[in-house]
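Remarks on the overall topology
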Amino acid sequence: MTKRLTTSAMIASFADADQPTSPAPFGHALARLAGENEEVVGMTADLGKYTDMHVFAEKFPERYYQMGMAEQLLFGAAAGMAEVGYVPFAATYSVFATRRAYDALCLDIAEPGHNVNIVGGLPGLTTGYGPSHQATEDIAILRAMPGLTIVDPCDSVDTEQAVPAMAADPGPTYLRLLRGKVPTVLDEYDYRFELGKAKRLRGGRDAVLVSSGLMTMRALKAAEELSEHGVDVAVVHCPTIKPLDEATLVHEADSDRLLVTLENHSVVGGLAESVASTLVRNNAARGLLPIGLPDEFLEAGALPTLHERYGLSTDRIVRRVLDGMG
Amino acid sequence: MSYATNEAEDAVDVRKSDIAAFAHRMRHHVIDMGEAQGQGYVGQALGVSDILATVYRDRLRFRPEQPQWPERDRFLLSIGHYAIALYAALAEAGVLDVEELDTYATDGSRLPMSAMATYTPGMEISGGSLGHGMPLAVGMALGLRKRGSRALVYNFLSDGELNEGATWEAAMSAAHYELGNLVAVVDLNALQADGATDSVLRADPLVDKWESFGWRAVRVDGNDLSQLLRGFESLDRDESSRPRILLCDTTVGKGVPLLENREKAHFMRVDEHEWQIAREQLEGSVES
């Protein structure tokens with residue numbers, strides 16, 4: 001009898017067994033940034049240990065604010081800190097940031113345009129804990145908020161570079177946090193994170209995969225496997241969902257290659273629909289194949305099982321692209 | 001000794017008459033703005049004029065010509081629908097020109113019906129959605145203390161706002177962080193959108209509640225200047241690092257008998273011919 005996989009709840013990892021990883025890249029990047037910029041403060045709503053904020057907290061205890069399990073307070077207080085000149089990073093889980101504290105994020109932070117950086121743990125399907133903790137619709141909720149930048153990094157390299165860029169940008173930002181042992185993938189590529197820019201990681205004649213977040217590492221892996229099937233696939237990584245890099249996307253879509261979007265988010269209201277509306281508005285409308293989470297509340301379970309079931313695994317991507325090639 | 005006491009009493013009397021005159025002029029501005037618009041939160045504004053006059057005439061450290069002076073005390077109006085009252089106070093305090101009040105709630109005005117920090121000099125935050133003021137105040141108080149500033153953060157909220165959970169999240173946090181630089185002032189007018197506060201969501205016993213949350217709480221008649229001054233002063237004497245709260249019972253429409261405790265007073269409709277009566281009654285209230 002084979003061993004049954006367990007949920008492993010909040011510490012689930014999406015790293016593949018053979019992948020190199022880096023521990024707590026967000027926490028270390030924030031601590032590094034704080035060493036250079038004394039206005040940076042870290043805040044959390046009882047999830048410091050689970051958002052890698054503890055790395056910063058240990059190094060800069062006098063700049064760390066525990067607000068208790070109170071997300072509206074977290075964002076209101078972060079706005080108050082910004083009002084007097086600090087640059088807060090406020091960390092909680094994505095579900096609580098978006099579903100519970102939307103009004104505080106909107107009215108206290110986004111409308112006045114404060115440089116408050118929201119850090120959302122467990123974005124999309126990165127926990128097997130069920131719908132209470134799976135933020136499968138966080139981008140859809142936040143995309144309509146004027147002035148909010150949304151960052152969905154791929155790996156430890158992306159995350160480390162995104163943190164100082166978010167602080168340097170004067171407005172509010174939402175970061176979809178990958179935490180714990182985070183895969184290191186982009187060091188193999190000639191890549192630098194730039195806020196608002198999409199980057200072509202590899203070229204390909206037959207299809208172009210536009211991906212964000214952890215789905216970029218799956219797209220890169222799928223591209224390798226697809227080449228063994230004789231299919232030559234390009235990968236364009238799009239770590240900023242809003243504002244979207246329209247010029248790059250319109251340029252990449254301007255061909256007869258199969259266009260595929262890949263995201264760790266519901267197919268409703270996320271990257272796929274962002275790309276589609278961009279193409280329509282630029283008179284570059286064309287069909288695309290959206291790979292993402294289904295429009296439903298997902299089940300609890302072990303993360304590898306769920307990624308396979310809901311289509312985020314490399315194998316599922318390869319099959320979808322081959323089917324799409326017809 | 002008795003000579004010194006008399007002198008102190010005289011000084012209080014001078015302060016009180018200054019504040020009373022400030023509040024009286026505020027009420028005139030409120031009626032003028034309300035008439036131009038035909039409706040609005042006139043009742044609440046009349047009710048809190050004594051509180052705002054006390055705060056702006058006697059309490060706050062600020063520079064009217066420099067609303068962003070970094071050392072200023074912050075006054076956070078989380079009850080954004082009371083904007084009409086704060087515009088009147090800001091005009092009397094010299095932050096706004098009295099003439100600008102004529103633009104109230106008109107297109108392109110810096111004085112919208114609901115308070116917006118991005119529009120109005122002296123308006124520290126955009127309220128309106130209730131329960132935001134105190135969380136913001138906590139962040140500002142933490143930040144100012146960290147900067148070594150002596151500035152105080154005042155949060156002016158309403159009894160209806162005590163329904164909001166975020167207010168109590170912030171109340172716990174303010175006590176936890178021992179924010180002695182935070183002062184809350186509550187307008188207890190016993191009225192909210194759907195009716196009497198007691199029928200919507202009863203909050204009493206308020207002094208006990210706030211004290212049990214780790215605050216120093218005092219309750220006064222918010223339309224009695226002596227009580228307001230004494231209330232603030234008794235909070236000043238608290239030498240602990242507790243956050244402080246002044247709970248102020250007020251009368252909606254105070255100073256204008258026609259409007260006091262009028263039915264449907266929350267968002268008050270005033271007939272055209274009544275504005276002049278209101279103005280005359282306001283004058284009468286001073287003479288009597």
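These figures come from a predicted structure and were not determined experimentally.

For chain A, the helix and strand inventory stands at twelve helices and 14 strands. For 326 residues, the compact-globule formula gives about 20 Å, and the C-alpha radius of gyration of chain A, at 19 Å, lands near that figure. For chain A, with 326 residues in total, the buried portion stands at 60%. Total accessible area computed for chain A in this model is approximately 12,400 Å², and 50% of it derives from carbon and sulfur atoms. Considering chain A, the positive charge centre built from 28 side chains and the negative charge centre built from 43 side chains are found 4 Å apart.

On to the overall build of chain B, then. Counting secondary structure elements, chain B contains nine helices and nine strands. Expressed as a percentage of its 288 residues, the buried residues of chain B come to 55%. Taking as baseline every contact in chain B between residues at least 6 positions apart, the subset at least 24 positions apart corresponds to 74%. Carbon and sulfur atoms provide 48% of the accessible area of chain B, an area that totals close to 12,100 Å². With 28 positive and 45 negative side-chain charges, chain B shows a spacing of 7 Å between the two charge centroids.

Below, the discussion takes up the sheet that holds strand β11 (residues 233-237) of chain A. Residues and elements named next belong to chain A. Reading across from one edge, β9-β11-β10-β13-β14 is the order of the five strands in this open sheet, with mixed pairing throughout. Two strands lie at the open edges of the sheet, namely β9 (199-202) and β14 (289-293), each paired on one side alone. For this sheet, the mean inter-axis angle between neighbouring strands, taken without regard to orientation, is 25°. Taken together, the five bridges between strand β10 (residues 207-211) and β11 define a ladder with parallel strand orientation. The residue of β11 that forms the bridge with S211 is H237. Lying on the sheet, helix α8 (residues 215-228) is in contact with β9, β10, β11, β13 (258-266) and β14; it crosses β11 at an angle near 170°. Seen against the sheet, helix α10 (residues 271-281) touches β10, β13 and β14 and runs at an angle of roughly 140° to β13.

Right, let's talk about the packing of helix α3 (residues 71-83) of chain A against helix α5 (residues 102-110) of chain A for a bit. Residue and element names in this part refer to chain A. Packing of α3 against α5 leaves a shortest axis separation of 9 Å and a crossing angle of 5°. As far as their axial angle goes, α5 and α3 are roughly parallel. Facing α3, whose interface residues are Q72, F75, G76 and A79, α5 presents A104, L105, D108 and I109. Taken together, the residues of the contact of α3 with α5 break down into five nonpolar, two polar and one charged.

Residue and element names in this part refer to chain B. The terminal C-alpha atoms of helix α4 (residues 133-146), which comprises 14 residues, lie 20 Å apart, in line with the 20 Å expected from a rise of 1.5 Å per residue. Buried residues dominate α4, accounting for twelve of its 14 residues. Among all positions in α4, only G133, M134, P135, L136, A137, V138, G139, M140, A141, L142, G143 and L144 are buried. Among the residues trailing α4, G148 stands out with phi positive, at a value near 80°.

With that settled, consider the interface of chain B and chain A. Facing the 24 residues of chain B at the interface are 26 residues of chain A. Between chain B and chain A, the buried area comes to about 2,000 Å², and carbon and sulfur atoms account for 58% of it. The largest contributions to the chain B side of the interface with chain A come from B:K146, B:R147 and B:E169, which together make up 29% of the buried area. Taken together, the connections running from chain B to chain A amount to one salt bridge.

Quick look at the nonpolar core now. Here is a general trend for soluble globular proteins: nonpolar side chains tend to be buried in one another's company. In terms of nonpolar packing, the biggest core is built from 77 residues, with A:M67, A:F75, A:I118, A:V210, B:V138, B:W210 and B:W215 touching the most fellow members. For A:V210, the contacting residues outside a window of four places in its chain are A:V236, A:C238, A:L249, A:L259, A:V260, A:T261, A:L262, A:L271 and A:V275. In terms of nonpolar packing, the next biggest core, distinct from the first, is built from 60 residues, B:F22, B:V48, B:A53 and B:V256 among them.

The next thing to look at is the side chain of A:S266. Residues and elements named next belong to chain A. Following the sequence through the fold, S266 ends up in strand β13. At a separation of 2.9 Å, a polar atom in the side chain of S266 contacts the main-chain amide nitrogen of V268. Beyond its immediate chain neighbours, meaning those up to four positions away, S266 contacts T136, L293, P294 and D295.

Here we come to the packing of aromatic side chains. Using the criterion set out here, one finds twelve aromatic pairs over all chains in the structure. Ring centres of A:F26 and A:F89 lie 6.3 Å apart, and the angle between their planes is 40°; this geometry places the pair in the tilted category. Of this pair, A:F26 sits in helix α1 (residues 25-36) while A:F89 sits in strand β4 (residues 87-93), placing them 63 residues apart in sequence. The pair A:F26 / A:F89 is uniform in exposure class, with both members buried. Relative to B:F156, the ring of B:Y82 has its centre 6.3 Å away and its plane inclined at 90°; by these criteria the two rings are edge-to-face. Taken together, the residues B:Y82 in the loop between β2 (74-77) and α3 (83-92) and B:F156 in strand β3 (residues 153-158) connect sequence positions 74 residues apart. Residue classification places B:F156 among the buried residues on the basis of a relative accessible area of 0%.

A cluster of acidic side chains, namely B:E7, B:E9, B:D10 and B:D13, defines a negative patch on the protein surface. Counting through the fold element by element, B:E7 comes out in helix α1 (residues 2-37).

Residues and elements named next belong to chain B. Burial runs high along strand β8 (residues 244-249): five of the six residues are buried. Relative to β8, strand β4 (residues 182-188) runs parallel, the two being bridged by six bridges. In the sheet register, V183 faces β8, and the bridge partner there is R244. Pairing analysis gives six bridges linking strand β7 (residues 216-221) to β8, with the strands arranged parallel. Within β8, the residue paired with R219 across the bridge is L247. Taken together, β7, helix α8 (residues 225-236) and β8 form a β-α-β motif whose crossover is right-handed.

What counts and what doesn't
- Residues numbered from 1 in each chain as written.
- Chains lettered and ligands numbered in written order.
- Predicted model: local features only at pLDDT ≥ 70, side-chain atom pairs only at ≥ 80, totals over all residues.
- Heavy atoms only, no water.
- Helix = DSSP H or I, 4+ residues; strand = E, 2+ residues; numbered from the N terminus.
- Rg over C-alpha atoms; globule rule 2.2 N^0.38 Å.
- Buried < 20%, exposed > 50% of the residue type's maximum accessible area, 1.4 Å probe, protein only.
- Areas by Shrake-Rupley, 256 points an atom, 1.4 Å probe, with all protein chains shown as cover.
- Lys, Arg positive; Asp, Glu negative; His and termini not counted.
- Charge placed at Lys NZ, Arg CZ, Asp CG, Glu CD.
- Contact = heavy atoms within 4.5 Å.
- Pairing = 2+ DSSP bridges.
- Axes fitted to C-alpha atoms, helices over the stretch in contact; angles between N-to-C directions.
- Parallel < 35°, antiparallel > 145°, perpendicular 65-115°, else oblique.
- Nonpolar A, V, L, I, M, F, W, Y, C, P; charged D, E, K, R; others polar.
- Expected span 1.5 Å × (residues − 1).
- Buried area = accessible area lost by both parts, 1.4 Å probe.
- Salt bridge = Lys/Arg side-chain N within 4 Å of Asp/Glu carboxyl O.
- Core = buried A, V, L, I, M, F, W, Y, C linked by side-chain atoms within 4.5 Å.
- Polar contact = N/O pair within 3.5 Å; in protein donor to acceptor, adjacent residues only side chain to side chain.
- Phe/Tyr/Trp six-rings, centres within 6.5 Å; stacked < 30°, edge-to-face > 60°.
- Patch = residues over 30% accessible without salt bridge, like charges linked within 9 Å, V, L, I, M, F, W, Y side chains within 5 Å.
- Right-handed = clockwise from strand over helix to strand, strands pointing away.

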